[in-house]
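These are the residues of each chain, in order.
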Amino acid sequence: MKAIYSLILVLALVVLATLGAGAAKMQTIFAYCVPGTAFVIFVVGFVAKVIGWAKRPVPFRIPTTGGQQQTLDWIPQNKWDNPSTGPQTAMRMFLEIVTFRSLFRNTKVLLKHDDGKNPIVAYVSAKWLWLFAILFHYSFLIIVIRHMRLFLQPVPKFIVGVEFVDSVLQIYTPIVYQTDLLILAGAGFLLARRLYDAKLRYISLVNDYFPLFLILSIALSGMYMRYIAKVDVMAIKDVVMGLTTFTFKVPKGVDTSFYVHVFLVSTLLAYFPFSKLMHLAGVFLSPTRNLPNDTRMHHHENPWNDPSIKPHSYEAYEDDFREPMFEAGLPLDKNPEEAA
Amino acid sequence: MAKIIKPDEMIRSINYTPPATDWMETPNDLSPGRFAYPAKEDKVAYLQHEMPHVFGNPRVWNPSEADWKLPANWKEIVMNGFRERLDKYRSLKLFMDICVRCGACADKCHFFIGGGDPRNMPVLRAELMRSIYRGEFTLAGKILGKLTGARVMEEDVLKEWFLYFYQCTECRRCSLFCPYGIDTAEVTMMARELLHLVGININWILEPVSNCNRTGNHLGIQPHAFKDIVEFMVDDIETITGKHINVPLNEKGHEILFITPSGDVFADPGIYTFMGYLILFDAIGLDYTLSTYASEGGNFGMFTHADMMKSLNGKMYAEANRLGAKWILGGECGHMWRVINQYMDTMNGSMQGPQMQTPVNPITGTVFSNAKQTKMVHIAEFTADLIKHGKLKFDKSRNSDIIATFHDSCNPARGMGMFEEPRYVLNSVVDQFYDMPENTIREQTFCCAGGSGLNTDEIMDIRMRGGLPRGNALRYVQEKNGVNTMACVCAIDRATLIPLADYWAPGVKITGLHELVGNALILEDGEERTMNLRQEPLPGFEEE
């Protein structure tokens, strides 16, 4: 049900853009006003959210340690999963963010209890989520990089190189970018497992389906533009450059599918800072990953540490138990006569 | 102990397919056996007197009854507390914001694996709080409501929190697998803090906390009784080894203060581990003292509130200063070591007196530079260093009837990373050691299901379900390698793993690491022992 609502919502956005830019001829609004506003919301919202996190204190160093600690000299430390210095921690973060290392560790529990046999509980490797998550995220990244050609004049060599590699298979005309297919596979898998796995269906919200449908529809509308409508890329670049250089002109000869694509992207940008998609920035700030396991070696300051919180004092303890302690012959700071 | 179903029936009762009703619509099951008993009124009153901003609403109440006797403004108290913590902890705010519900954590929790209750999936456990965060603190949540996983705070939500945040042992296994490191322990700790504000609590945590505060240990052993127990153990050691040893108590002027969980002083089999420490210290001539004031290594405050944890922890430095100890040696304990490793210096480092120094092993000269700030060394690190330098002589044949495995306790595993030290010690004192399967040990270790204050008998069904992953892995090495002993470095484990092993892998006994050290350690040349620390005959002496 939540998936259907999300799908309807995304379809409504498509219809809105089609009618608005196509039938109602509001190209200027859909080419300039909407993406411009969305971009501002994205940047301001994103920065505000990150500042909001960053200004909150980290009272304690609570890394989740994933290997042997730094200890006696002759015991090798797992420096990249239980770091004790800044550079080691940076390496741990690098692996986490670039290779999705924690997800790579994923296992799946298997429970079998056939009658008459001993029950089996086992944990088997489950790398599918990792694989498709990697495909999805890297495809997304490469697609974003490719799109930078529309914003930059002249087009940097780096982007041309990325495009070359991404289309190296040379299939179809216009040549298909592999990432276009891979992002569909990645997002499709992420969606399918939410619908198929009962546990995931149970925990999934509109907040989970909506961005998946949105990203899928962005990819599909983009592919429609390139492979089916075969839109005029130079005309689009004119529009985009107009947007980035603030020289707005009435767009001409651009297919409606472009406005649909831009409208969906705008929605994603505006939605981004208020959603779970902020994990993009949050992963950098996670205190169980981005801190060294070093508080036995170095002091960590808690800004709200309250020095007035003291232990129940030894004096009060001895006052409480002086007589029996004396009788038991335990050493005392004040013997009963002194205390009396 | 409440009567529970047989292991076979329990396994067959597990179903990972969630019910048809949405979790927000599923009513709370508050029948007996589903929750630990609430704290006694006088314990809460005492703690409220000690820390009024932490504990509240002492009263007699019963979770099975509809009326929980909450203060009239309970919602205001809880919501203000929630808001305050969102500003004090980046972790909480971040963990409320960035979860994508990928589900990687779902089948990592031992309570989910053994029970199948969807609210025990870590992602949903956190959603219990996240839904309130959305519904009460975010605009979108207020407008869109349930579709976006938002809801408002109600008494039933508070009851749900009580049920499920006391079915989390803060073991952090989920956090290891989370691609963003979202730590359910952190969420659980915050939820429990909020519940304490309105007097929702369990006795198995608050009675130990109040005992620790007053008598110095969670069992409430008073100083003279503590001395009696130590003398009793000294007598037993003499019976076993033929040697009378001296154990300093509350003495000033010793180099090292030794602190261990009080479970080691009181409960079988912890006492054998304690005897192991005493034998070791005597054998190497260590200049140390015990303290009755700081006689609890375990910090039950951690299961209540950061300030209570700080206050109880502060006794360690206070006592080291009073007695003039240069550094502190810590015994085998789980969450005690998470506190020492990740909280102690941050909370109480400024209490350290000028006499405290970077710990140096007086026997080997090794500088424990990894403890230069806290001045506190783990006994497994200490003993591993002694063995590496050839300072200890062992007669492994005394442990030759033992086929051992090792249970990594959650906190030294995922809150510290102590894996090789105990294994090195264990391999030095037993001949046969087999690890459990790799997805169940080291950083992926499974909890005993009684951590964070849950090792109480009235929730035995929940504990045994949560104990399934550990028990099953133990059963595996029992059948494959003939393992008959599981060693561990945690006092809670030594209490909880016994019923767990009896239930899931009958025939496996539980020991502390230093019990086996104490067994094998040769005190003087030519010494012959006929019994182990449990006063059972050693291999080869069964007939006598």
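The preceding data block contains the structure.
Residues numbered from 1 in each chain as written. Chains lettered and ligands numbered in written order. Predicted model: local features only at pLDDT ≥ 70, side-chain atom pairs only at ≥ 80, totals over all residues. Heavy atoms only, no water.

J.: Got a minute to help me understand the overall build of chain B in this structure?
T.: Summing up its helical and strand segments, chain B has 23 helices and eight strands in all. The C-alpha radius of gyration of chain B comes to 24 Å, within 12% of the 24 Å expected for a compact globule of 544 residues. The burial tally for chain B puts 69% of its 544 residues in the buried class. Summarising the internal contacts of chain B: among those between residues at least 6 apart in sequence, 77% fall at separations of at least 24. By element, 50% of the accessible surface of chain B is carried by carbon and sulfur atoms, the whole surface being about 16300 Å². In chain B, which carries 55 positive and 69 negative side-chain charges, the distance between the mean positions of the two groups comes to 6 Å. (Helix = DSSP H or I, 4+ residues; strand = E, 2+ residues; numbered from the N terminus. Rg over C-alpha atoms; globule rule 2.2 N^0.38 Å. Buried < 20%, exposed > 50% of the residue type's maximum accessible area, 1.4 Å probe, protein only. Contact = heavy atoms within 4.5 Å. Areas by Shrake-Rupley, 256 points an atom, 1.4 Å probe, with all protein chains shown as cover. Lys, Arg positive; Asp, Glu negative; His and termini not counted. Charge placed at Lys NZ, Arg CZ, Asp CG, Glu CD.)

J.: Would you mind going over the sheet that holds strand β5 (residues 403-407) of chain B with me for this structure?
T.: One key point about sheets: their strands pair by backbone hydrogen bonds, in either a parallel or an antiparallel sense. All names here are of chain B. In spatial order, the strands read β6-β5-β7-β8; together these four strands make up an open sheet with parallel pairing. Two strands close off the open sheet at either side, each with one partner strand: β6 (432-433) and β8 (509-512). In terms of strand pairing, β5 meets β6 through two bridges, oriented parallel. Counterpart to Ala 404 in the pairing with β6 is Phe 433. (Pairing = 2+ DSSP bridges.)

J.: Teacher, can you tell me more about the packing of aromatic side chains here?
T.: Describing an aromatic ring pair means giving the distance of the ring centres and the angle of the ring planes. Applying the stated criterion to the full structure yields 39 aromatic pairs over all chains. Aromatic side chains Phe46(A) and Phe272(A) sit 6.1 Å apart centroid to centroid with 35 degrees between the ring planes, which places their arrangement in the tilted category. Here Phe46(A), found in helix α2 (residues 27-54), pairs with Phe272(A), found in the loop between α11 (256-271) and α12 (279-285); they are 226 residues apart in sequence, far enough to count as distant. Assessed through its relative accessible area of 13%, Phe272(A) is described here as buried. Both rings, one in Trp327(B) and one in Phe368(B), keep their centres 6.2 Å apart while their planes meet at 50 degrees; by these two values the pair is tilted. With Trp327(B) in strand β3 (residues 327-330) and Phe368(B) in the loop between α16 (335-348) and β4 (376-378), this residue pair connects regions lying 41 residues apart in the sequence. In terms of burial, Trp327(B) and Phe368(B) fall into one category: buried. Sitting above the plane of the Phe446(B) ring, Arg173(B) keeps its charged end 3.7 Å from the centroid. Over the ring of Trp74(A) we find Lys388(B), and its NZ or CZ is 4.7 Å from the ring centre. (Phe/Tyr/Trp six-rings, centres within 6.5 Å; stacked < 30°, edge-to-face > 60°. Lys NZ or Arg CZ within 6 Å of the ring centre and 35° of its normal.)

J.: Explain the side chain of Ser295(B) to me, please; I cannot follow it from the model alone.
T.: Residue and element names in this part refer to chain B. With respect to the helices, strands and loops of the structure, Ser 295 is situated in the loop between β2 (288-289) and α15 (306-323). Within the structure, the side chain of Ser 295 is placed 2.7 Å from the backbone oxygen of Thr 292, a separation counted as a polar contact. Ignoring anything within four residues of it in the chain, the contact list for Ser 295 reads Thr 215, Gly 216, Asn 217, Phe 226, Thr 260 and Ser 262. (Polar contact = N/O pair within 3.5 Å; in protein donor to acceptor, adjacent residues only side chain to side chain.)

J.: What am I meant to see in the nonpolar core here?
T.: Nonpolar side chains in soluble globular proteins generally cluster together in the buried interior. In terms of nonpolar packing, the biggest core is built from 178 residues, with Phe82(B), Met129(B), Leu158(B) and Trp161(B) touching the most fellow members. Broken down by element, the residue count for this core peaks at 11 residues, all from helix α9 (residues 206-229) of chain A. In contact with Leu158(B), other than residues within four places in its own chain, are Leu70(B), Trp74(B), Val78(B), Met153(B), Leu195(B), Val198(B) and Ile200(B). Counting residues in each nonpolar core, the second largest holds 83 residues, with Val247(B), Ile328(B), Ala371(B) and Leu513(B) among its members. (Core = buried A, V, L, I, M, F, W, Y, C linked by side-chain atoms within 4.5 Å.)

J.: Can you walk me through unusual backbone geometry in this structure?
T.: Backbone geometry follows two general trends: most residues other than glycine have a negative phi, and most peptide bonds adopt the trans configuration. Note the cis peptide between Gln153(A) and Pro154(A), where omega equals 0 degrees. Looking at where Pro154(A) falls in the secondary structure, it is placed in the loop between α5 (128-147) and α6 (157-166). That bond from Asp268(B) to Pro269(B) is cis: its omega, 10 degrees, falls within 30 degrees of zero. For Pro269(B), the location among the structural elements is in the loop between α13 (263-266) and α14 (270-284). The backbone of Glu170(B) sits at a positive phi, close to 55 degrees, despite the residue not being glycine.

J.: Mind showing me how you'd approach the interface of chain A and chain B here?
T.: Size of an interface: often given as the accessible area lost when the parts come together. Counting from both sides, the interface comprises 91 residues of chain A and, opposite them, 121 residues of chain B. Counting every contact that joins chain A to chain B gives eight salt bridges. Across the pair Arg101(B) and Asp208(A) runs a salt bridge, and its minimum N-O distance is 2.8 Å. The interface formed by chain A and chain B includes 66 residue pairs in polar contact (both at pLDDT 80 or more). The element contributing the most residues to the side of chain A that touches chain B is helix α13 (residues 314-327) of chain A, with six residues. Residues that form the side of chain A that touches chain B fall into these classes: 42 nonpolar, 30 polar and 19 charged. (Salt bridge = Lys/Arg side-chain N within 4 Å of Asp/Glu carboxyl O. Nonpolar A, V, L, I, M, F, W, Y, C, P; charged D, E, K, R; others polar.)

J.: Teacher, can you tell me more about the environment of Thr37(A) here?
T.: Residues and elements named next belong to chain A. As for its position among the elements, Thr 37 is in helix α2. The exposure class assigned to Thr 37 is partly exposed, which follows from its relative accessible area of 46%. Residues Thr 37 and Leu 269, 232 residues apart in the sequence, show an inter-C-alpha distance of 9.5 Å.

J.: Help me understand the environment of Gly22(A) in this model?
T.: Residues and elements named next belong to chain A. Tracing the sequence through the fold places Gly 22 in helix α1 (residues 2-23). Residues Gly 22 and Val 260, 238 residues apart in the sequence, show an inter-C-alpha distance of 9.3 Å. Setting aside residues no more than four positions away along its own chain, Gly 22 makes contact with Ala 17 and Thr 256.

J.: Can you walk me through the pairing of β5(B) in this structure?
T.: Within a regular beta strand, the side chains point alternately toward one face of the sheet and then the other, so they alternate between its two faces. Residue and element names in this part refer to chain B. The buried fraction of β5 amounts to five of the five residues, a majority that puts the element mostly inside the structure. In this structure, β5 lies alongside strand β7 (residues 485-488), joined through four bridges in parallel fashion. Residue pairing for β7: Ala 404 is matched across the bridge by Thr 485.

J.: Honestly, the sheet that holds β3(B) in this entry has me stumped. Any pointers?
T.: Residues and elements named next belong to chain B. In space, the four strands of this open sheet follow the order β2-β1-β3-β4, with parallel pairing throughout. The two strands at the open ends of the sheet, each matched to only one other strand, are β2 and β4. Taken together, the four bridges between strand β1 (residues 256-259) and β3 define a ladder with parallel strand orientation. Note on β3: the bridge partner recorded for Ile 256 is Trp 327.

J.: What is the right way to read the pairing of β3(B) from this model?
T.: Residues and elements named next belong to chain B. Burial along β3 is two-sided: the residues Trp 327 and Leu 329 and Ile 328 and Gly 330 are all buried. Of the strand pairs in this sheet, β3 and β4 are connected by three bridges, and their pairing is parallel. Bridging from a neighbouring strand, Ile 328 pairs with Met 376 of β4. After leaving β3, the chain enters α16 and then returns to the sheet as β4, a path that is right-handed. (Right-handed = clockwise from strand over helix to strand, strands pointing away.)

J.: Sorry if this is basic, but what is going on with the packing of helix α3 (residues 74-88) of chain B against helix α6 (residues 122-137) of chain B here?
T.: For any two helices packed against each other, the geometry is given by the interaxial angle and the distance between the axes. Residue and element names in this part refer to chain B. Two elements in contact, α3 and α6, have axes separated by 12 Å at closest approach and are oriented at 95 degrees. Our classification of the angle between α3 and α6 gives roughly perpendicular. Judged by residue contacts, Lys 75, Met 79, Phe 82, Arg 83 and Leu 86 of α3 engage Met 129, Ile 132, Tyr 133, Glu 136 and Phe 137 from α6. By residue class, the composition of the contact of α3 with α6 is seven nonpolar, no polar and three charged. (Axes fitted to C-alpha atoms, helices over the stretch in contact; angles between N-to-C directions. Parallel < 35°, antiparallel > 145°, perpendicular 65-115°, else oblique.)

J.: Can you help me understand α5(A) in this one?
T.: Every α-helix carries 3.6 residues per turn, so stepping three or four residues along brings you back to the same face. Residue and element names in this part refer to chain A. Look at α5: 28 Å from first C-alpha to last across 20 residues, which is about the 28 Å you get at 1.5 Å a residue. Listed in full, the buried residues belonging to α5 are Leu 129, Trp 130, Phe 132, Ala 133, Ile 134, Phe 136, Ser 139, Ile 143 and Arg 146. Of the surrounding secondary structure, the elements contacted by the buried residues of α5 are α3 (86-99), α4 (101-104), α6, α7 (178-196) and α9. (Expected span 1.5 Å × (residues − 1).)

J.: How do you make sense of the pattern of salt bridges when you look at a structure like this?
T.: Any two side chains of opposite charge can pair, so long as their charged atoms come close to each other. Considering all chains together, one arrives at 54 salt bridges over all chains under this definition. Across the salt bridge formed by Arg134(B) and Glu127(B), the nearest N and O atoms sit 3.1 Å from each other. A single burial state applies to Arg134(B) and to Glu127(B), both of which are buried. The residue Asp183(B) makes a salt bridge to Arg172(B) at a minimum N-O spacing of 2.9 Å. Of this pair, Asp183(B) sits in the loop between α9 (173-177) and α10 (184-197) while Arg172(B) is found in the loop between α8 (155-165) and α9, placing the two residues 11 residues apart along the sequence. We classify Asp183(B) as buried; its relative accessible area is 0%. A single salt-bridge network, built from bridges that share partners, covers Arg194(A), Asp208(A), Lys276(A), Arg101(B), Glu127(B), Arg130(B) and Arg134(B).

J.: Just to check I follow, could you spell out α8(B) for this structure?
T.: All names here are of chain B. Among the 11 residues in α8, nine count as buried, and that is most of the element. Within α8, burial applies to Val 157, Leu 158, Lys 159, Glu 160, Trp 161, Phe 162, Leu 163, Tyr 164 and Phe 165. Contacts from the buried residues of α8 go to α3, α6 and α10.

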